[in-house]
Amino acid sequence: MDVLERFVTRNPTSKRLYEKACRYLPSGSSRNVLTYPPFPVYMARGLGSKLWDVDGNERIDFNYNNTTLILGHNHPKVVKAIRDQLDKGTVLGAPTEGEVKLAEELTHRLGADKLRFTPSGTEANLQAVRLARSSTGRDLVAKCEGAYHGSWDSMDVSVSPPVEKAGPANVPYTLKQHEGIPQGVLDNILVLPFNDADACQSLIKRHRNELAAVILEPVQRDTPPKPGFLEAIREATAKYGILLIFDEVISFRLSPGGAQRLYGVKPDITTMGKTIGGGFPVGAYASTDELVKPLMIPDSTFPELKSARLGFSGTFNAHPVTMAAGLAVMKELTPTVYERLDDAGERMRRGLASIIDGEGLGFHVGGVGSFFHINWMADEVVDYRSSAREDKILSRLFSLDLMNRGVHLWGHPNVSAATSVEDIDGALETIEEGFRALKPLIKERAR
Ligand code: PMP
């Protein structure tokens, strides 16, 4: 039985649900990134490192809602904090103590002064960019080719452009990712090549009088920065009064103080999401007292009330349940847990590399900390253009085959604090079987 047939046979309820979903949701989906042919598996339950789908199939999770659940599914202390909050209410139409506590925890970890919560990473980046534009009085914002900073006009640009249309590697074109983005938005975005310090420095210098900010992921997807790259961007932006925004929506989990602490480079504004909401929708951006001034409501005496220069609001900002769950996660994330996460990531990377070597497949294994990634080509991924050479067909077939074998490995693979040594070693055995099954196709595609 081939991979696709096995998948369809093992997941009849998911298939039925998907067919029904297609009647009510465009392509049966609310998140494009989680949809794949022939249909996505519908999950029913998660606990620790495991997921169970609607057909009762059990799988080891290596996705954790795209890196969100750093403690695994339904960690008892997080569940308790959520239940305790639910007993008190959901949204209360006023500030709560939870947001003060989580803001205190996160600003301490980052060494930042103040922070604003949003309901998603997308909104954190959107507001951080607006803050930078308002602080500098400039419009142009630079982002790296291949970087995803959420689904909104300014950043839906050069996320995965066709390389043949994307211009010279050291001066990439600004290309819209999807339709419906006004030319005026594109005119205000400059695209930089991640990990090419010289090219970035010269582009920043050329646009030094127009640039409000450079936004980048210190670890782009799972590609770490080359030594000196972040420092070079920091130096160039500081020199010209351009703000540096680190999108740490994913990379914040790499150390108690995020990737910025790991690599020793401090941005002006940090955006976060995913892990800090304990499994609930969340985003936040943090900065200095000086830079958050546009967000501050000027002092006045009651009943007079003045307006802030930037008027962001949001019905679900700092949702009490999110705050409770996020705080419970942060309390568990001690230095020892970060060490365990790194060790588990390393065990996974080493195991994968050894299987790939043993099978003579010549694929490179990448990732850092708790992330791992099979590159599906012999070279290391160092930037978007090298990642675009990966064999995506093999990658998708492998992931679907692993679903049949009980391993959930889509998207941005990662281990959580709930991933045990037994989980890793068991998954590696399964992955070895998966590679062997795929070998004839790998050889055929290499020809
Ligand atoms: N920035 C990065 C680096 C991300 O990976 C994501 C989401 N995958 C976002 C921003 C957007 O976050 P959200 O999905 O919470 O809007």
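Please read these numbers as outputs of a predicted model, since none were measured by experiment. (Residues numbered from 1 in each chain as written. Predicted model: local features only at pLDDT ≥ 70, side-chain atom pairs only at ≥ 80, totals over all residues.)

### Some remarks on the pairing of strand S5 (residues 140-144)
Turning to step 1, where the next piece is worked out: Judged by how many residues are buried, S5 sits mostly within the fold: 4 of 5 residues are covered.
Turning to step 2, where the next piece is worked out: As judged from the 4 bridges shared by S5 and strand S7 (residues 211-216), these two strands associate in the parallel manner. When the sheet's bridge partners are listed, lysine 143 is paired in S7 with isoleucine 215.
Turning to step 3, where the next piece is worked out: Summarising the sheet, S5 and strand S6 (residues 189-192) pair through 4 bridges and their orientation is parallel. Within S6, the residue paired with lysine 143 across the bridge is valine 191. (Buried ≥ 20, exposed ≤ 12 C-beta atoms within 10 Å, placed from the backbone. Helix = DSSP H or I, 4+ residues; strand = E, 2+ residues; numbered from the N terminus. Pairing = 2+ DSSP bridges.)

### Thoughts on unusual backbone geometry
Turning to step 1, where the next piece is worked out: For the bond from proline 37 to proline 38, the omega torsion is 5 degrees, close enough to zero to count as cis.
Turning to step 2, where the next piece is worked out: Position of proline 38 relative to the elements: it lies in the loop between helix H2 (12-24) and strand S1 (43-47).
Turning to step 3, where the next piece is worked out: In this structure, proline 303 follows phenylalanine 302 across a cis peptide bond, with omega equal to 10 degrees.
Turning to step 4, where the next piece is worked out: In this fold, proline 303 is placed in the loop between strand S10 (283-287) and helix H11 (320-332).
Turning to step 5, where the next piece is worked out: The phi torsion at arginine 221 lies on the positive side, around 55 degrees, for a residue other than glycine.
Turning to step 6, where the next piece is worked out: You can see arginine 221 is positioned in the loop between S7 and helix H9 (229-239).

### Considerations on the sheet that holds S5
Turning to step 1, where the next piece is worked out: If you trace the 7 strands from one edge of the open sheet to the other, you get S4-S10-S9-S8-S7-S5-S6, paired in mixed fashion. Since the sheet does not close on itself, it has two edges, and those belong to strand S4 (114-118) and S6, each with one partner. Neighbour-to-neighbour, the strand axes of the sheet open up by a mean angle of 20 degrees, direction not taken into account.
Turning to step 2, where the next piece is worked out: Relative to the sheet, helix H6 (residues 121-136) contacts S4, S5, S7, strand S8 (243-247), strand S9 (269-273) and S10, its axis offset from that of S9 by approximately 165 degrees.
Turning to step 3, where the next piece is worked out: Of the strands in this sheet, S7 and S8 touch H9, which is tilted by about 145 degrees from S8. (Axes fitted to C-alpha atoms, helices over the stretch in contact; angles between N-to-C directions. Contact = placed C-beta atoms within 7 Å.)

### A few points about the nonpolar core
Turning to step 1, where the next piece is worked out: If you look at the biggest cluster of nonpolar residues, it comprises 104 residues, and the most contacted ones within it are Ala132, Ala213, Val214, Ile245 and Ala284.
Turning to step 2, where the next piece is worked out: No other element matches the 8 residues that H11 contributes to this core.
Turning to step 3, where the next piece is worked out: Leave out the neighbours within four places in its chain, and alanine 284 touches Leu106, Leu115, Arg116, Phe117, Thr118, Ala124, Met272 and Ile276. (Core = buried A, V, L, I, M, F, W, Y, C linked by C-beta atoms within 7 Å.)

### Some points on the sheet that holds strand S3 (residues 58-61)
Turning to step 1, where the next piece is worked out: Pairing is mixed in the open sheet, where 4 strands are placed in the order S1-S2-S3-S13. Here the strands that pair on one side only, and so sit at the sheet edges, are S1 and strand S13 (407-408).
Turning to step 2, where the next piece is worked out: Pairing between S1 and strand S2 (residues 50-53): 4 bridges, direction antiparallel. Bridged to leucine 47 within S2 is lysine 50.

### Topic: the site of the ligand
Turning to step 1, where the next piece is worked out: Close to the ligand lie 14 residues; Ser120, Gly121, Thr122, Gly150 and Val249 are nearest.
Turning to step 2, where the next piece is worked out: With 3 residues, H6 is the single largest residue contributor to the shell around the ligand.
Turning to step 3, where the next piece is worked out: When its residues are assigned to classes, the shell around the ligand shows 3 nonpolar, 9 polar and 2 charged. (Near = placed C-beta within 6 Å. Nonpolar A, V, L, I, M, F, W, Y, C, P; charged D, E, K, R; others polar.)

### So, the packing of helix H8 (residues 197-206) against H9
Turning to step 1, where the next piece is worked out: In the contact formed by H8 and H9, the axes pass within 9 Å of each other and the chain directions differ by 10 degrees. Overall, the two elements H8 and H9 adopt an arrangement that is roughly parallel. Crossing of H8 against H9: the hand is right-handed. Contacts between H8 and H9 involve Ala197, Cys200, Gln201, Ile204 and Lys205 from the former and Phe229, Ala232, Ile233, Ala236 and Thr237 from the latter.
Turning to step 2, where the next piece is worked out: Tallied by class, the residues present in the contact of H8 with H9 amount to 7 nonpolar, 2 polar and 1 charged. (Parallel < 35°, antiparallel > 145°, perpendicular 65-115°, else oblique. Left-handed = near helix turned anticlockwise from the far one by under 90°.)

### Brief notes about H8
Turning to step 1, where the next piece is worked out: Those residues of H8 not exposed but buried are Cys200, Leu203 and Ile204. Viewed along the axis of H8, the buried residues span an arc of 100 degrees, placing them on a single side of the element. In H8, the exposed positions that point more than 90 degrees away from the buried face belong to Asp198, Lys205 and Arg206.
Turning to step 2, where the next piece is worked out: Where H8 is buried, its residues contact S5, S6, S7 and H9. (Arc of directions from axis to C-beta.)

### Topic: the packing of helix H12 (residues 335-358) against helix H15 (residues 421-446)
Turning to step 1, where the next piece is worked out: One way to put it is that H12 packs onto H15 with a least axis distance of 10 Å and a crossing angle of 25 degrees. Taken together, the axis directions place H12 and H15 in an arrangement best described as roughly parallel. Considering only the axes of H12 and H15, their crossing is right-handed. Where H12 abuts H15, its residues Ala344, Arg347, Met348, Gly351, Leu352 and Ile355 lie against Val421, Ile424, Leu428, Ile431, Glu432 and Phe435.
Turning to step 2, where the next piece is worked out: Residues that form the contact of H12 with H15 fall into these classes: 9 nonpolar, 1 polar and 2 charged.

### Points about the domain arrangement of the protein chain
How big an interface is tends to be expressed through the accessible area that disappears when the partners come together.
Turning to step 1, where the next piece is worked out: Its domain assignment divides the protein chain into domain 1 (3-70 + 335-446) and domain 2 (76-332).
Turning to step 2, where the next piece is worked out: One C-alpha centre belongs to domain 1, the other to domain 2; they are set 27 Å apart.
Turning to step 3, where the next piece is worked out: Contacts between the two partners involve 22 residues from domain 1, matched on the other side by 24 residues from domain 2.
Turning to step 4, where the next piece is worked out: Among the elements of the structure, H12 and helix H13 (384-387) are those that each provide at least two residues to the side of domain 1 that touches domain 2.
Turning to step 5, where the next piece is worked out: Its residues placed into classes, the side of domain 1 that touches domain 2 shows 11 nonpolar, 9 polar and 2 charged. (Domains from an automatic or database assignment.)

### Let's talk about H9
It helps to recall that an α-helix has 3.6 residues per turn; residues three or four apart then point in one direction.
Turning to step 1, where the next piece is worked out: If you check which residues of H9 are buried, you get Phe229, Leu230, Ile233, Arg234, Ala236 and Thr237.
Turning to step 2, where the next piece is worked out: Where H9 is buried, its residues meet H8, S7, S8 and helix H10 (258-263).

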